[in-house]
Amino acid sequence: MPGAVKQQGNVNPGIASLKPYQPGKPIEELTRELGITDIIKLASNENPRGPGPQTLAALQAPLRTLSRYPDGGGFLLKQALASHLGVESNQLTLGNGSNDVLDLAARIGMTPGSQAIVSAHAFVVYRLAVASCGCELVEVPALDYGADLDGFLDAVTDRTAIIFLANPNNPTGTWVGERALTDFLDRLPSRIWVVLDEAYAEYVEAPDYPDGLALQRRYPNVIVTRTFSKIYALAGLRVGYSVSTPEVADLLNRARQPFNLNSLALAGAQAALLDQEFVVESRSMNSAGMRLLQSGLEEQGLEYIRSVGNFVTFALPDGNESTSAAKVYQQLLREGVIVRPVAEYGLANHLRVSVGLPAENERFIETLARVLAG
């Protein structure tokens, strides 16, 4: 038939059925669409301070050697991480963001016919990683917007290979306490991998928040993943890592692409790790910003999900089309305020806002009030 498109070769059905990941709208895109320039982005859970001065200074030297391949093993960064975390360097796997390591975990842990368990409202990348392996995702209904660990255990079958658990979870900000998580790991068959995604761990101040690295030492089936994209303010460089047993790290590194971290990323992450004063200051600023956002939402009568990350997800009034999440999102965009729709996470009437700089937080609250007032 004239004009018909012929399929070129076989296609992995898991990938063919996927929808591409939709990140928070970039500032540049909004400028192109609406022609406005006074824009704040509170959509992607980034550190609004930007990288610290020590990190920026460390990025200068690698510029002179960009014609050379980076250290494919990331020796210096691994040494710095091992010292900081109290682990051995052979327990570490470096990734192009922690998303990279999450995907590696699915690839080494899943085989045709196996299943992965996640919670409702879980990070969408888990779904992408599992589907790319051609495997089945089992979604357990959430409990108060968080992970129902008893539900996870009930969902385990002979086909269960891996469990992805974000602590705290994105986009809800909910977390699992130490006692609940330890009890879960005690009851879970040790043949099942548990990927403990701690992308926001450095922000958490809850007293019952578990030490994932201590749990990894106790449970060899646990893989802890973390990132430099959040509190370390290096989202643009894409650096993440995992901590596991040396045997698991060896498998992850076999599947890892060569040179998956570039020279600037390696140097920037090492410098950022050494600047813990920046981390402490960022955590303090985040706590203050979270209090302001929560107070502002309460004053407007809006319900929100209690969060220990650097973001808060809130509900819009039901039954009014003019204040639906989709409508309010678009109105905020026209005011130059970018937040994050979370309908793809099963939260169609919610929006997620990241903690920004003090002036950005105040502008968001004021703009939201104006939009909702009509």
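Before reading further, recall that the structure is shown in the block above.
Residues numbered from 1 in each chain as written. Predicted model: local features only at pLDDT ≥ 70, side-chain atom pairs only at ≥ 80, totals over all residues. Heavy atoms only, no water.

(A) Fine view of the pattern of salt bridges. The final tally for this structure, using the stated rule, is 15 salt bridges. Note that Lys25 and Glu29 form a salt bridge whose closest N and O atoms lie 2.8 Å from each other. Note that Glu281 is salt-bridged to Arg49, the shortest N-O span being 3.0 Å. Placement of Glu281 in helix H13 (residues 276–299) and of Arg49 in the loop between strand E1 (40–41) and helix H3 (53–58) is noted, with a sequence separation of 232 residues between them. (Salt bridge = Lys/Arg side-chain N within 4 Å of Asp/Glu carboxyl O. Helix = DSSP H or I, 4+ residues; strand = E, 2+ residues; numbered from the N terminus.)

(B) Up close: the packing of aromatic side chains. A complete count under the given rule lists eight aromatic pairs for this structure. For the pair Phe152 and Phe184, a centre-to-centre distance of 6.1 Å together with 75 degrees between the ring planes defines the contact as edge-to-face. You can see Phe152 sitting in helix H8 (residues 149–155) and its partner Phe184 sitting in helix H9 (residues 178–187), a full 32 residues away along the chain. Phe152 gets classed as buried once you look at its relative accessible area, which sits at 1%. On the basis of relative accessibility, which here comes to 1%, the residue Phe184 falls in the buried class. (Phe/Tyr/Trp six-rings, centres within 6.5 Å; stacked < 30°, edge-to-face > 60°. Buried < 20%, exposed > 50% of the residue type's maximum accessible area, 1.4 Å probe, protein only.)

(C) Region of interest: the state of the cysteines. Counted by the stated rule, this structure contains zero disulfides. Cys135 supplies the cysteine sulfur nearest to Cys133, a cysteine that is in no disulfide, at a spacing of 5.4 Å. (Disulfide = S-S within 2.5 Å.)

(D) How the structure looks around the nonpolar core. Counting residues in hydrophobic clusters, the biggest one holds 50 residues, and the most contacted among them are Leu77, Leu81, Phe184 and Phe228. If near-sequence neighbours (up to four positions away) are discounted, Leu77 is found in contact with Leu94, Phe228, Val239, Leu261, Leu266, Ala269 and Gln270. Among the nonpolar cores identified, the runner-up in size contains 27 residues, and Ile39, Ala325, Leu351 and Val353 belong to it. (Core = buried A, V, L, I, M, F, W, Y, C linked by side-chain atoms within 4.5 Å. Contact = heavy atoms within 4.5 Å.)

(E) Structural view of the environment of Gly240. Looking at the secondary structure, you find Gly240 in strand E8 (residues 240–243). Under the relative-accessibility criterion, Gly240 is labelled buried at 0%. It is 17 Å that separates the C-alpha atoms of Gly240 and Glu88, two residues lying 152 residues apart in sequence. Gly240 has contacts with Thr93, Leu94, Gly95, Gly97, Ser98, Val101, Arg226 and Thr227, leaving out every residue within four places of it along the chain.

(F) Representation of H13 in the model. Helix length check: H13 (24 residues) gives 35 Å between terminal C-alpha atoms against 34 Å at 1.5 Å per residue, within 8%. Taken together, the buried positions of H13 are occupied by Phe278, Val279, Ser282, Asn286, Ser287, Gly289, Met290, Leu293, Gln294, Gly296 and Leu297. Against strand E9 (311–315), strand E12 (350–354) and helix H15 (358–373) lie the buried residues of H13. (Expected span 1.5 Å × (residues − 1).)

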